[in-house]
Amino acid sequence: MTTDDEMVLTTRRLRLRDFRDDDIDGLYALVSDDRLTRTLAFDSLDRVRAAGMLRTVVAQAADRPRVEYYLAITLRDGDDVPIGFARLGLADVRAGKLGYLIAAEHWNHGYATEAAAALLDLAFGPLGLHRVSAAIGPDNAASIAVAERLGLVREGRMRENVFTNGAWRDSLLYAVLAAEWSRPHAASAKTTTLSR
Ligand SMILES: CC(C)(COP(=O)(O)OP(=O)(O)OC[C@H]1O[C@@H](n2cnc3c(N)ncnc32)[C@H](O)[C@@H]1OP(=O)(O)O)[C@@H](O)C(=O)NCCC(=O)NCCS
């Protein structure tokens, strides 16, 4: 169901939309896949926990003011089943946190870059943020490549800030400021449009 309040970001190949109650199969497939959660801040989820996550994400989308944009990524050319998700969380004053995940069978097509660019357009456009950061595991070469391609700058290393997959893990802190964000970084997402 589409409501006037639904968030939709459209890029060249992707549609980023709010999660819905009936996305449980799609979300569960993503967050139960060890290949995807190995580099995340949380372990793989069973179906009960995935359903809990979905309830939280759907509820947060209705909060006003909205501080969490956890959006399902779907292919414009495909069905409406999520192939991943991207997240912009508003943390501090005019600052946001960025995250993304793409199903393994869709890796290396530029989808994470395209989706993250759309969220940065949202962050520095309509939301008026000043800074967006991402915390990335030091071994997560693909995510580092996404961040750097988008122009995020490595600012440092947070020591053992995440307990995941049974161990403490460091994170590299990447960030981009509003004044630094420019569309050429997001070459694959030039047609981003926002409707709500
Ligand atoms: C990180 C992730 C979202 C990237 O998704 P994706 O759609 O494949 O990303 P893109 O295709 O936009 O870009 C991938 C980049 O990583 C590079 N890459 C992929 N595997 C790599 C590797 N093993 N070593 C170095 N670079 C690698 C690609 O070449 C590409 O860079 P380029 O555009 O400069 O050529 C995906 O791997 C994923 O979902 N991982 C699990 C969840 C996760 O770690 N999320 C990020 C948490 S911080």
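Anything mentioned here points back to the structure above.
Structural notes, computed from the coordinates.

Parameters and conventions
Residues numbered from 1 in each chain as written. Predicted model: local features only at pLDDT ≥ 70, side-chain atom pairs only at ≥ 80, totals over all residues. Helix = DSSP H or I, 4+ residues; strand = E, 2+ residues; numbered from the N terminus. Buried ≥ 20, exposed ≤ 12 C-beta atoms within 10 Å, placed from the backbone.

## Quick look at the overall build of the protein
Thinking step 1. Summing up its helical and strand segments, the protein has five helices and nine strands in all.
Thinking step 2. Reading the protein from its N terminus to its C terminus gives the helix and strand order β-β-α-α-α-β-β-β-α-β-α-β-β-β.
Thinking step 3. Each principal axis of the C-alpha atoms in the protein carries an extent, and together these give about 45 × 40 × 35 Å.
Thinking step 4. Residues classed as buried in the protein amount to 34% of the 196 residues present.

## Quick word on the environment of Asp34
Thinking step 1. Here Asp34 lies in helix H2 (residues 34-37).
Thinking step 2. In this structure Asp34 comes out as exposed when scored by C-beta crowding, with 9 C-beta atoms within 10 Å.
Thinking step 3. On a C-alpha basis, the gap between Asp34 and Leu45 in space is 9.3 Å, while along the polypeptide they are 11 residues apart.

## Remarks on unusual backbone geometry
Thinking step 1. Each neighbour pair has its own omega, and for Arg64 with Pro65 the value is 0°, a cis peptide bond.
Thinking step 2. Relative to the helices and strands, Pro65 resides in the loop between helix H3 (47-62) and strand E3 (68-75).
Thinking step 3. The phi torsion at Asn108 lies on the positive side, around 65°, for a residue other than glycine.
Thinking step 4. Tracing the backbone shows Asn108 in the loop between strand E5 (95-102) and helix H4 (111-124).
Thinking step 5. With a phi close to 40°, Glu160 is a non-glycine residue in the positive phi region.

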